[in-house]
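The lines below spell out each chain.
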Amino acid sequence: NNGIRISDQGFLNTAAITSKITFIDGDKGFLMHRGYPIEQLAEKSDFLETAYLLIFGSLPDKDQDTTWRYEVMHHTALAEDAMKVIGSLRYDSHPMSVFISAFSAMAAFAPEANPALQGRDLYQKNKDILNKNIIRIIGKAGTVAAAAMRVRMNRPFIAPKSNYSYCENILYMMDAVANGEDYKPDPRLVKALDILFILHADHEMNCSTATMTHVGSSLVDPYSAVAAAAAALYGPLHGGANEAVIRMCEKIGSVENVPSFLEKVKRKEELLFGFGHRVYRNTDPRSNIIKKVTESVFEACGREPLIDVATALRDAALKDPWFVERKLYPNVDFWSGLCYRAMGFPLDFFPVLFAVPRVAGWLAHWKQNLDQGNGKIWRPRQLYIGEQKRDYVGREERE
Ligand code: SDX
């Protein structure tokens, strides 16, 4: 804005700003992955198929689909060494810390996936290695989430079942001890979790995806890059917002307290978590779909009373000029926490349920950056607005 023009080529060279994966129209509240509107994917696809679409660019044909599902579901087990690292963490560790530690540990135990050891063009040269590690990371992400839950519950790990679907397996591993070895999760909850995973799988160049692509551009192994991206997602302004929404609603306590809370937000004393978005200046299309998912989850698990406070917050904010003029609408995190709470997940576990599906988006952008063949490290430039050039002055002469 201060009249300094970055040459177009200069800008293009410093930022991988082109992508074929996700398109968002923030003004229209429109989102599509590889050309498919999010509403159609949420209704007709499932998470593993959407993950394939994001990563490989098209919906899998029958054989590709069968192979993809088989491969992912046969790479869900975690190495003994990784389990030991996870098991060494205290029961009250934040599940996102467990998730980040697990992927850092997996990096240590996967030298064959490490370009630092195998040569910097490992992933350009060998597409099999690239696809194999994509499959492993997606397969294991759900198991890491379940392991984080076992740490929290101070209970033994449960091995995944390769004949269960992806989301069914996650629910199974989290709760099988309470329900016995042959526990079959409620199909309504499996479906709900699968839709939530589709909605969280990718969202263009958000903070954590930018981190994955940025870190991945140095040609580090993908496990370390996933750990870095998960650290970015952990923050309450990003993937931690679903947890923050529930804490906010608990603090408000009742519908009667909503008006005074919103006054505090306007005085900047509080933040309305689950509202606002850097790109959407209209409603986040994912939020509308998740609101519907709450109904099926409540039917299966019982109604989460905090939805009354959340609904009152939403209704009041959408009518209040202060929020309207700032184009603040519910985002993906506003209702998702209510689903997870009704499903019985611990509050600080919600960001992990964001991270697991977002691994697909992270990998899609990581692979795209490698495929673009530039293999160039991301090195954004800044507009320098500091002091002009000046000479050093000795301590005695400084006033
Ligand atoms: C996710 O990037 C992605 O795509 C992210 C994500 C994904 O799928 O990856 O969609 C997932 O992270 C969703 C966002 C989850 N975070 C939250 O719900 C936290 C609450 N939201 C805010 O922190 C905020 O809205 C952000 C961080 C999401 C966006 O912040 P911006 O773009 O910096 O907002 P802004 O500066 O354009 O805000 C404009 C005005 C400001 O007020 P004024 O200075 O004009 O008076 O709106 C205010 C802001 O203070 N504002 C809010 C607000 N969000 C913006 N005021 C109160 N509550 C809010 N939530």
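The structure this text deals with has already been given above.
Source: prediction; values computed, not measured.

About the cut-offs
- Residues numbered from 1 in each chain as written.
- Predicted model: local features only at pLDDT ≥ 70, side-chain atom pairs only at ≥ 80, totals over all residues.
- Heavy atoms only, no water.
- Helix = DSSP H or I, 4+ residues; strand = E, 2+ residues; numbered from the N terminus.
- Rg over C-alpha atoms; globule rule 2.2 N^0.38 Å.
- Buried < 20%, exposed > 50% of the residue type's maximum accessible area, 1.4 Å probe, protein only.
- Contact = heavy atoms within 4.5 Å.
- Areas by Shrake-Rupley, 256 points an atom, 1.4 Å probe, with all protein chains shown as cover.
- 1 Å grid on protein atoms, 1.4 Å probe; cavity = no way out; pocket = protein on both sides within 12 Å on 5 of 7 lines; lining within 4 Å.
- Points joined across faces, edges and corners; volume = space filled by probe spheres on them.
- Nonpolar A, V, L, I, M, F, W, Y, C, P; charged D, E, K, R; others polar.
- Axes fitted to C-alpha atoms, helices over the stretch in contact; angles between N-to-C directions.
- Parallel < 35°, antiparallel > 145°, perpendicular 65-115°, else oblique.
- Left-handed = near helix turned anticlockwise from the far one by under 90°.
- Near = heavy atom within 4 Å.
- Polar contact = N/O pair within 3.5 Å; in protein donor to acceptor, adjacent residues only side chain to side chain.
- Sits in = over half its atoms within 2 Å of the grid points.
- Salt bridge = Lys/Arg side-chain N within 4 Å of Asp/Glu carboxyl O.

We now examine the overall build of the chain. Looking only at helices and strands, the chain has 20 helices and 3 strands in total. For the chain, whose C-alpha radius of gyration is 22 Å, the value lies close to the compact-globule estimate of 21 Å for 399 residues. Along the first, second and third principal axes, the C-alpha atoms of the chain reach 75 × 60 × 50 Å. Taken over 399 residues, the chain has a buried fraction of 51%. Within the chain, residue pairs in contact and separated by at least 24 positions form 74% of the contacts whose partners lie at least 6 positions apart. As displayed, the chain offers around 19100 Å² of accessible surface, 52% of which is attributable to carbon and sulfur atoms.

Take the layout of surface pockets next. Approximately 970 Å³ is the volume found for the largest pocket. Taken together, 35 residues form the lining of the largest pocket, with Leu237, Phe275, Gly276, His277 and Arg278 sitting closest to its centre. When residues of the lining of the largest pocket are traced back to their parent elements, those giving at least two are α18 (321-325) and α20 (350-371). Taken together, the residues of the lining of the largest pocket break down into 18 nonpolar, 8 polar and 9 charged.

All right, on to the packing of helix α15 (residues 258-266) against helix α17 (residues 306-319) then. At a closest axis distance of 10 Å, the pairing of α15 and α17 adopts a crossing angle of 55°. Of the possible angle classes, the one that applies to α15 and α17 is oblique. Between α15 and α17 the crossing geometry is right-handed. Two secondary-structure elements touch here, α15 through Val258, Phe261 and Leu262 and α17 through Val309, Ala312, Leu313, Ala316 and Ala317. Within the contact of α15 with α17, the residues separate by chemical class into 8 nonpolar, no polar and no charged.

Before going further, it helps to examine the site of the ligand. In the neighbourhood of the ligand, 25 residues make up the surrounding shell, with His203, Lys268, His277, Arg278 and Arg286 lying closest. The side chain of histidine 277 places a nitrogen or oxygen atom 2.7 Å from an oxygen atom of the ligand. Contacts to the ligand include asparagine 331, whose side-chain N or O atom sits 3.0 Å from an oxygen atom. Here the ligand occupies the largest pocket. Across the shell around the ligand, the residue classes tally to 11 nonpolar, 7 polar and 7 charged.

A separate point is the side chain of histidine 203. Here histidine 203 shows up in the loop between α11 (187-200) and α12 (207-216). A distance of 2.8 Å separates polar atoms of two side chains, one belonging to histidine 203 and the other to tyrosine 280. In contact with histidine 203, other than residues within four places in its own chain, are Thr22, Ile24, Leu31, His277, Tyr280, Arg286 and Arg358.

With that settled, consider the pattern of salt bridges. Evaluation of the coordinates by the stated rule reveals 24 salt bridges. Here aspartate 371 and lysine 127 are joined by a salt bridge, their closest N and O atoms 3.5 Å apart. Highlighted residues: aspartate 371 in helix α20 and lysine 127 in helix α9 (residues 127-153), separated in sequence by 244 residues. We classify lysine 127 as partly exposed; its relative accessible area is 35%. With its nearest N and O atoms 2.7 Å apart, the salt bridge here joins glutamate 243 to arginine 247. In this pair, glutamate 243 and arginine 247 both sit in helix α14 (residues 241-252), 4 residues apart, roughly one turn of the helix. Since its relative accessible area comes to 10%, glutamate 243 is described here as buried. Residue arginine 247 is classed as partly exposed on the basis of its relative accessible area of 42%. One salt-bridge network, in which partners are shared between bridges, spans Asp46, Asp65 and Arg69.

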